[in-house]
Amino acid sequence: MYKNSKHTVLFPLLLAVGVVLGLLLGNYLGRNSTASQLRGMLSHLTLPTNKLSYTLSLIENEYVDSVSMDSLAEHVIPLLIKELDPHSVYIPASEMQALNEPLEGEFDGIGVVFNMATDTVIVLNVIPQGPSDKAGIKAGDRIVEIDDSLVAGRKIPQTQVVRMLRGPRGTTVRLGLERLGISDLVHVEVVRDAIPIKSIESSFRIADGIGYIKLGQFARTTFEEFRRAVSSLREQGVTKLIFDLRGNSGGYLDQAILVANEFLHEGQLIVYTEDRRHEQLREYADGSGTAQDLEVAVLIDDWSASSSEILAGALQDNDRGTIIGRRSFGKGLVQRQIPYADGSALRLTTARYYTPTGRSIQKPYTIGDDESYEADLWNRYRNNEFFSADSIHFADSLKRVTPGGKVVYGGGGIMPDIFVPADTTDVTKYFLEVSGRNILYRYTIEYADRHRDALNAVGTIDDLQRLLDSDRTLVDDFVRYAARHGVAPRYADIARSRKLIEAQLRAYIGRNTSLEDNGFYVNIYPVDNVVVRAIEELSASRAASPAEPSADSSTR
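Bear in mind that the values here come from a model prediction, so they are computed numbers and not experimental data.

## A short note on the packing of helix H14 (residues 439–450) against helix H17 (residues 474–484)
Relative placement of two packed helices is described by the angle separating their axes and the distance separating the axes. Put simply, H14 and H17 touch, their axes get as near as 10 Å, and they point 115° apart. The way H14 lies across H17 gives a crossing that is right-handed. On H17, the residues that touch Ile439, Leu440, Arg442, Tyr443, Glu446, Tyr447 and Arg450 of H14 are Leu474, Asp477, Phe478, Tyr481 and Ala482.

If you want it as structure tokens, here you go:
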């Protein structure tokens, strides 16, 4: 994932040498004139770590009170890193597991998806064949006790509940469950085990011949997950693909390269990195990709960053597919993670990456000014960039041309081939209130309780859609529910937002089935103008050329 730099290897060594010299001078030579002379010589050495290491040695050996150097380092290192680029960061040991876990492909736990919208741990789904499934836990159960500690109705933070449920595999947690139709608590013991984390959130056939894949992050298992998803979609007759990278902030660089390789032909450049010495490392497609014949539309937005931009840029610069959505985040820096002995780590920027046409898509930044950097997306919104492509301007010096003659720009994110503005057409005051106060979501939880048997019987997307289509009063019932919970109906707003409200109700209910996120995305996409535009583009695209597989064929 990360590229070595001689500087990053020498830095810790020089720091150690500087500290040792300081200690030797302080302890062995004492305060005599020779020591003073040597200290003077040391102050003129050109080692970049000299002043810092000398100061640390003075504090450790001369300061009047005893000081924990480890504690001091925890305060000093973040201040040092703050003077670098916005993406170099020090990670304390206490935060390492939480940051790495989503990318590693698994964690140790009990295997349930839960929510605490009503200050109660509500089990939304149970991972098939996981620890909770084997223990008899069911979707819809409320976890009232964890190891004899009451957790319901106590406003315990969700992060604390997660810590209570997770633990080393092989250990046991005792749960007290409230189950519909049972008056007493149901007690079960769950033996924790490894639980897989999926980086592909959703994959299904979204229209005739068109598949949809939603990738949440580039994790350790992304490449294998992607290949399995494509294979499954081909079996459903898919020859075109919508690849959704919106909200994907990146992850492992090698996984982005492997996925890009799936689409590109042998010899096509995927990405190259360049370090401080201008040494380049280039990655080329090897021709083994299983999606080379798939017509593809890649969806991006303001939160698509890093590895997402590498993938989108590789396909755009090779005239492979269509990029649809809004301008991406603009992170073109490569970090190398350097571990410390105490379990903490330094993620240090060691290179910049460039798209095949030579674009650096890193947006401008000022050293030490993280506040302005973080305000960039807000400034884009204020400048109307979310709603109009004409509000986005690039310098001519940043212009590049793809082999097919397409004009592209560097200097701050990937600009899509087709710009789709943020859609607020159906967002009314009523919708903002029922969604912002979480009333809409709470309704779907109660709906799932009332229809638990029917929802548990859902096995396919068609099953789910038939069940939801049979409920003709869903929105009207919700409006009455919202009124009982303090939001009076505004009928003009409801009429305008009806399609949006219904889509969200169906999506959240769908997520309460074994389909999980497939049940969500298959119901939310009709009100997603970016996905709708992608379907239109792929449906209207020309037939494959004679040199490519026809639209009726598929490669398995």
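## What to know about the pairing of strand E14 (residues 280–284)
Of the strand pairs in this sheet, strand E13 (residues 269–275) and E14 are connected by 5 bridges, and their pairing is antiparallel. Residue pairing for E14: Thr273 is matched across the bridge by Leu281. What sits between E13 and E14 in their antiparallel hairpin is a turn of 4 residues, with His278 showing a positive phi close to 65°.

## Describing a nonpolar patch on the surface
Taken together, Tyr63, Val64 and Val67 make up a surface patch of nonpolar side chains, about 310 Å² in accessible area. With respect to the helices and strands, the residue Val64 is situated in the loop between helix H3 (50–62) and helix H4 (69–82). Accessibility expressed as a relative area gives 71% for Val64, which makes it exposed.

## With respect to the environment of Leu515
In this fold, Leu515 is placed in the loop between helix H18 (491–511) and helix H19 (517–524). Using a relative accessible area of 15% as the deciding quantity, one classes Leu515 as buried. Sequence separation between Leu515 and Ser202 is 313 residues, and the spatial gap between their C-alpha atoms is 9.3 Å. Apart from the residues lying within four places of it in its own chain, the contact partners of Leu515 are Val458, Gly459, Thr460, Ile461 and Leu464.

## Considerations on the side chain of Ser202
If you trace the backbone, Ser202 turns up in strand E10 (residues 200–207). Side chain to side chain, Ser202 and Asn518 meet in a polar contact 2.6 Å long. Apart from the residues lying within four places of it in its own chain, the contact partners of Ser202 are Tyr212, Ile213, Lys214, Asp517, Asn518 and Tyr521.

## What about the nonpolar core?
If you look at the biggest cluster of nonpolar residues, it comprises 38 residues, and the most contacted ones within it are Ile213, Phe226, Phe243, Phe263 and Val298. Residue assignment for this core shows that the elements contributing at least two residues are strand E11 (210–215), helix H8 (222–235), strand E12 (240–244), helix H9 (253–263), E13, strand E15 (295–300), helix H10 (307–317) and strand E18 (345–354). Per-element accounting of this core gives the leading share, 6 residues, to H9. For Phe226, the residues in contact, after removing those within four places along its chain, are Ile200, Ile213, Leu241, Phe243, Val259, Glu262 and Phe263.

## A short note on the side chain of Asn512
With respect to the element layout, Asn512 can be found in the loop between H18 and H19. Residue Asn512 is classed as buried on the basis of its relative accessible area, which comes to 3%. Ignoring any residue separated from it by four or fewer positions in sequence, one finds Asn512 in contact with Leu124, Asn125, Thr444, Ile445, Ala448 and Arg452.

## What about the confidence of the model for the chain?
The predicted coordinates ought not to be read in detail in places where the model reports low pLDDT. Averaged over all residues, the pLDDT of the chain equals 87, while 88% of them reach at least 70. The low-confidence segment residues 543–556 (pLDDT under 50) makes 11 contacts with residues lying over four places distant or belonging to another chain.

## Section: the pairing of strand E3 (residues 112–115)
With 4 bridges joining them, E3 and strand E4 (residues 121–126) adopt antiparallel strand pairing. Looking at the pairing, Val113 lines up with Asn125 of E4.

## Some remarks on the environment of Gly109
Note on placement: Gly109 falls in strand E2 (residues 106–109). Gly109 gets classed as buried once you look at its relative accessible area, which sits at 0%. Placed 82 residues apart in sequence, Gly109 and Val191 show a C-alpha to C-alpha distance of 8.5 Å. Discounting residues that sit within four places of it in the chain, Gly109 has contacts with Pro131, Leu165, Arg166, Gly167, Arg192, Asp193 and Ile195.

What counts and what doesn't
Residues numbered from 1 in each chain as written. Predicted model: local features only at pLDDT ≥ 70, side-chain atom pairs only at ≥ 80, totals over all residues. Heavy atoms only, no water. Axes fitted to C-alpha atoms, helices over the stretch in contact; angles between N-to-C directions. Helix = DSSP H or I, 4+ residues; strand = E, 2+ residues; numbered from the N terminus. Left-handed = near helix turned anticlockwise from the far one by under 90°. Contact = heavy atoms within 4.5 Å. Pairing = 2+ DSSP bridges. Patch = residues over 30% accessible without salt bridge, like charges linked within 9 Å, V, L, I, M, F, W, Y side chains within 5 Å. Areas by Shrake-Rupley, 256 points an atom, 1.4 Å probe, with all protein chains shown as cover. Salt bridge = Lys/Arg side-chain N within 4 Å of Asp/Glu carboxyl O. Buried < 20%, exposed > 50% of the residue type's maximum accessible area, 1.4 Å probe, protein only. Polar contact = N/O pair within 3.5 Å; in protein donor to acceptor, adjacent residues only side chain to side chain. Core = buried A, V, L, I, M, F, W, Y, C linked by side-chain atoms within 4.5 Å. pLDDT = per-residue confidence, 0-100.

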